[in-house]
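Remarks on the overall topology
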Amino acid sequence: MAEKKRTGAQALLDVMHYHGVEYVFGHPGGAAIPIFDALVGSPIKFILTRHEQGATHMADGMARASGKAGVALVTSGPGATNTITGIMTAHMDSSPMVVVTGQTITSMLGMDAFQEADVSGITYPVVKHSYLVKNVHDIPRVVKEAFYLAESGRPGPVLIDLPKDISSAEFVPDYNAEMDLPGYKVPGAGDPEAIAKAAELLSKAKRPLLLVGHGAVISGANKAIKFLVEKMRIPVTNTLLGKGAFPESHELNLGMLGMHGTAYANKAVVACDLIMSIGSRWDDRIVGRLKDFCPDAVKIHVDIDDAEMGKMVKAHCSIVGDARLVVEELNTQLKPADTSDWLKQVAKWKKQYPLHYKMKGGLKMQYVFDEIYKLTEGKAVVVTDVGQHQMWAAQFFKVDQRFHWISSGGAGTMGFGFPASLGAQLARPDSMVIAIVGDGGFQMTLCELATAAINKIPVKVFVMNNRYLGMVRQWQNLFYEDRLSGVDLEGNPDFVKLAESYGIKGWKIKRNADVRRIVKEALAYQGGPCLVEVVCEKEDNVFPMIPAGAAVSEMIIEPTKRKLAKPTGST
Amino acid sequence: MNNSPESHAISLLVSNKPGALIRIALVFARRGYNIDSLVVSPATDEKFARMTIVANGDKETLEQIIKQLNKLVDVIHARDHTGEVMVDKELALIKVQCPIEKRTEVLQIVEYFKAETVDLTEDTMMLQVTGDSERINSILVMLNKYGVVDTVRSGKLIMSRGHATT
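Since the model is a prediction, treat every value here as computed from it, not as a measurement. (Residues numbered from 1 in each chain as written. Chains lettered and ligands numbered in written order. Predicted model: local features only at pLDDT ≥ 70, side-chain atom pairs only at ≥ 80, totals over all residues. Heavy atoms only, no water.)

Some points on the overall build of chain B
Summing up its helical and strand segments, chain B has four helices and nine strands in all. From first element to last, N terminus to C terminus, chain B shows the α and β order β-α-β-β-α-β-β-α-β-β-α-β-β. Each of the 166 residues in chain B was classed as buried or not, and the buried ones make up 40%. Looking at chain B alone, contacts between residues at least 24 apart form 72% of all its contacts between residues at least 6 apart. Summed over its atoms, the accessible surface of chain B is roughly 9300 Å², and 52% of this surface lies on carbon and sulfur atoms. Computed over 20 positive and 22 negative side-chain charges, the separation of the two mean positions in chain B equals 7 Å. (Helix = DSSP H or I, 4+ residues; strand = E, 2+ residues; numbered from the N terminus. Buried < 20%, exposed > 50% of the residue type's maximum accessible area, 1.4 Å probe, protein only. Contact = heavy atoms within 4.5 Å. Areas by Shrake-Rupley, 256 points an atom, 1.4 Å probe, with all protein chains shown as cover. Lys, Arg positive; Asp, Glu negative; His and termini not counted. Charge placed at Lys NZ, Arg CZ, Asp CG, Glu CD.)

If you want it as structure tokens, here you go:
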């Protein structure tokens, strides 16, 4: 490449290609045209989305299915601001992403030029880092840094704002330019003293519990965790995003804990004498009322981000480091204790309070998920949107492998699931990818049906249609005396006809008797994307439930007729 | 748990790049932590800048803020120096009402505090005073009875003693 002149945009794509980027998702516009021009003839495949938000969720889905940064490319102003929801979603869930935004020419910066937005300013709170490139020679270094920052340490989104005169300027790029990040630290193996202390605490515990989160998935700590669990005979519970860090079909797994977690996981949280979190940030959906969160248990916290230490829970032992490296080291120091009484107790709760549903009334989402789970033999990559269906999916899909569960956790972004599934499918062409979406969230990004159809991305979309914004309806039903407000989705389209209008195969399920047959047909379908509309029971509620702001011990296991106080938690 | 607000002196070494300041300010703002003073200047190596921030709030929140600051890519290090022995200096310009008949009195105060007169008009005097913040507060108390017209303070500058890094 030496001495060969390239434009800034070409150099941008060159470095991305060297980095292994295969797909870029996005939408063009004036300020980004030089970059789109450079895409012509580039080995990088561009996927035109119908909205910039879709592009970011696709990039995010790709990242969560592969562990490598997804890339979104959009124009300035409104194009850039349409990515904010996707950037924030990735930021909250520590998903690696690089977002390139076009920008007005440097001489017009700050002049309220056409389609100008101060994207750096707008995104500061939701990015890991951002760049406004004002010198074309900086491009190779900046792009390298962006990917390194996005993917290393605690991953997150990085933004590159690229003025049009910079992307079109010609120069001789120095692709060997060194990164310049003197302030950036990536914690590694963790403090040996803290690890030794954790090993000692674990060896002494009578009723230990392991909590695995997204950090455990991201770092690839699976094998090490399995070794630890089986050696120490500790029950494991996972966060919503921690699904897949430890096999959920394993006898020592208790499934998800927290607001809609299993009763037995939450009972174990209340009763344990030690809880060790690996890569979870003790989210408020998990700990409930903080001061009552396993007050008597010894707490060990493993996280790559020092700023998570003491943010929610004051741990007795904090280990800042990569989850895989920390657990691997911990494993060399373990002395198993006898946990058989504790495991008996946990098994008893498992038997006593199983997740269940009744087959009477309308079609239950739980039943549909149960059937999909069985028919896919638990091997599919499951991507969900946000709402009741998400919680039931989390309860009924047992995830055994990392990167097989993709869901918007921290941000709770409606509209995430469907576009994220497209990115996941492109990242994993050999896997079956299933999108589980609600009728509410799906309508926020369903314009991407065109993206799925044109690119023949063979995701299988299950639209759980209960004609309600079900989770809010559930809260209104339980805590606001059933005064329903703003939750009726009157006006829903016929989703099958809608899919067909894009040339996508569709089915509708209305009865229990049709579930197995149609799910089988959809799973076997080979002609590209397809959609199954499931017309569900309108007024089912997700249980167990810990009301927001309540203590874990105040969990409601079964539907209740008693009047409940308004939740005190923030959301 | 210590939740009573107190003043903290925080030093930062940061990359000398646009946007660094706003990222730092946002960490404080998001937590509702008030910045009392902020001094920025180039460091010995011009690739970096030095910041001294004096901020008010509870200790627990500040610990989180320091961690969040250290997480920023542009921040080389951030440290709270509260309770440490360190050199702490501030400069203030004080304009005080000073008719001719009061000049001798005011000049006695100037002399006591080893301040300097940097401007004089018929009925005002401008003083320059340096020292720790307490010293500046003290001279202001003394000058108040003559009528302080205006004050400009640099904000606290701190440096650790000996080989300790600031």
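Focus: the side chain of A:Thr7
All names here are of chain A. With respect to the helices and strands, the residue Thr7 is situated in strand S1 (residues 6-7). Classification of Thr7 as buried rests on a relative accessible area of 16%. Excluding its chain neighbours within four sequence positions, the residues that come into contact with Thr7 are Ser167, Ser168, Ala169, Glu170 and Phe171.

What to know about the pairing of strand S6 (residues 129-132) of chain A
Residues and elements named next belong to chain A. Pairing analysis gives four bridges linking S6 to strand S7 (residues 157-163), with the strands arranged parallel. Bridging from a neighbouring strand, Leu132 pairs with Asp161 of S7. You can see the chain leave S6, run along helix H7 (residues 139-151) and come back into S7, and the turn it takes is right-handed. (Pairing = 2+ DSSP bridges. Right-handed = clockwise from strand over helix to strand, strands pointing away.)

Remarks on helix H2 (residues 59-71) of chain B
Residues and elements named next belong to chain B. In a regular helix each residue adds 1.5 Å, so 13 residues correspond to 18 Å; H2 covers 19 Å between its end C-alpha atoms and thus fits that length. Among the residues of H2, those classed as buried are Thr61, Leu62, Gln64, Ile65, Ile66 and Leu69. Looking at the buried positions of H2, the neighbouring elements they touch are strand S1 (6-15), helix H1 (20-30) and strand S4 (75-80). (Expected span 1.5 Å × (residues − 1).)

Observations concerning the confidence of the model for chain B
Residues with a pLDDT of 70 or more make up 98% of chain B, whose mean pLDDT is 93. We note a pTM of 0.96 for the whole complex and an ipTM of 0.90 for its interfaces. (pLDDT = per-residue confidence, 0-100.)

A short note on the sheet that holds strand S12 (residues 274-278) of chain A
Residue and element names in this part refer to chain A. Here we have six strands laid out as an open sheet, ordered S11-S10-S9-S12-S13-S14, and parallel in their pairing. One side of each edge strand has no neighbouring strand; the edge strands of this open sheet are strand S11 (253-256) and strand S14 (317-320). Each adjacent strand pair in this sheet contributes to an overall mean axis angle of 15 degrees, direction not counted. Here strand S13 (residues 298-303) runs beside S14; their pairing, made up of four bridges, is parallel. The residue bridging Val302 from the neighbouring strand is Ile319, located in S14. (Axes fitted to C-alpha atoms, helices over the stretch in contact; angles between N-to-C directions.)

Some remarks on the interface of chain B and chain A
At the interface, 20 residues of chain B touch 20 residues of chain A. With both sides pooled, the region where chain B packs onto chain A buries about 1600 Å², and carbon together with sulfur makes up 53% of that total. For the chain B face of the interface with chain A, the top three residues by lost area are B:Arg23, B:Lys67 and B:Val73, together amounting to 39%. For the pair chain B and chain A, the interface holds four salt bridges. Notably, a salt bridge pairs A:Lys314 with B:Glu60, separated by 3.8 Å at the nearest N-O pair. On inspection of chain B and its partner chain A, the count reaches seven residue pairs in polar contact (both at pLDDT 80 or more). (Buried area = accessible area lost by both parts, 1.4 Å probe. Salt bridge = Lys/Arg side-chain N within 4 Å of Asp/Glu carboxyl O. Polar contact = N/O pair within 3.5 Å; in protein donor to acceptor, adjacent residues only side chain to side chain.)

Brief notes about the packing of aromatic side chains
Two descriptors summarise a pair of aromatic rings, namely the distance from one centre to the other and the angle between the planes of the rings. Residue and element names in this part refer to chain A. This model, assessed by the stated rule, comprises 15 aromatic pairs over all chains. Aromatic pair Phe442 and Phe495: ring centres 5.9 Å apart, planes at 50 degrees, arrangement tilted. Within this pair, whereas Phe442 is found in helix H19 (residues 439-445), its partner Phe495 is found in helix H22 (residues 495-501), the two being separated by 53 residues in sequence. For the pair shown, Phe442 and Phe495 are each scored as buried. Arg473 extends its terminal NZ or CZ atom over the ring of Tyr468, reaching a point 5.4 Å from the ring centre. Just above the ring of Tyr468 sits the side chain of Lys538; from NZ or CZ to the centre is 4.6 Å. (Phe/Tyr/Trp six-rings, centres within 6.5 Å; stacked < 30°, edge-to-face > 60°. Lys NZ or Arg CZ within 6 Å of the ring centre and 35° of its normal.)

Points about the state of the cysteines
In this structure the tally under the stated criterion is zero disulfides over all chains. Counting only cysteine sulfurs, A:Cys530 is the nearest neighbor of A:Cys447, a cysteine outside any disulfide, at a range of 19 Å. (Disulfide = S-S within 2.5 Å.)

With respect to empty space enclosed by the protein
Residues and elements named next belong to chain A. Applying the stated criterion across every chain, the model contains four cavities of 30 Å³ or more. By volume, the largest cavity is sized at about 150 Å³. Contributing to the lining of the largest cavity are 15 residues, with Ala63, Arg64, His214, Ile218 and Phe403 lying nearest its centre. Looking at the lining of the largest cavity, the elements that each hand over two or more residues are helix H3 (52-66), helix H10 (214-219) and strand S16 (405-406). Counting residues per element, the lining of the largest cavity draws most heavily on H10, which supplies three residues. Its residues assigned to classes, the lining of the largest cavity shows eight nonpolar, five polar and two charged. Taken as a whole, the second largest cavity spans an internal volume of roughly 50 Å³. Every residue along the wall of the second largest cavity is listed here: Tyr373, Thr376, Gly378, Lys379, Ala380, Val382, Phe397, Lys398, Val399, Asp400 and His404. Taken together, the residues that form the lining of the second largest cavity break down as five nonpolar, three polar and three charged. (1 Å grid on protein atoms, 1.4 Å probe; cavity = no way out; pocket = protein on both sides within 12 Å on 5 of 7 lines; lining within 4 Å. Points joined across faces, edges and corners; volume = space filled by probe spheres on them. Nonpolar A, V, L, I, M, F, W, Y, C, P; charged D, E, K, R; others polar.)

Here's the deal with the sheet that holds strand S18 (residues 460-465) of chain A
Residue and element names in this part refer to chain A. Strands sit in the order S16-S15-S17-S18-S20-S19 across an open sheet of six strands; the sheet is parallel. Looking at which strands have only one partner, the edges of the open sheet turn out to be S16 and strand S19 (505-509). As paired elements, S18 and strand S20 (residues 530-535) share six bridges and run parallel to each other. Bridge assignment links Asn465 to a residue of S20, and that residue is Val535. Running over the sheet, helix H18 (residues 417-427) touches strand S15 (381-384), S16, strand S17 (433-438) and S18 and is turned about 175 degrees from S17. Across the sheet, helix H23 (residues 512-524) lies against S17, S18, S19 and S20, angled at about 165 degrees from S19, the strand it touches most.

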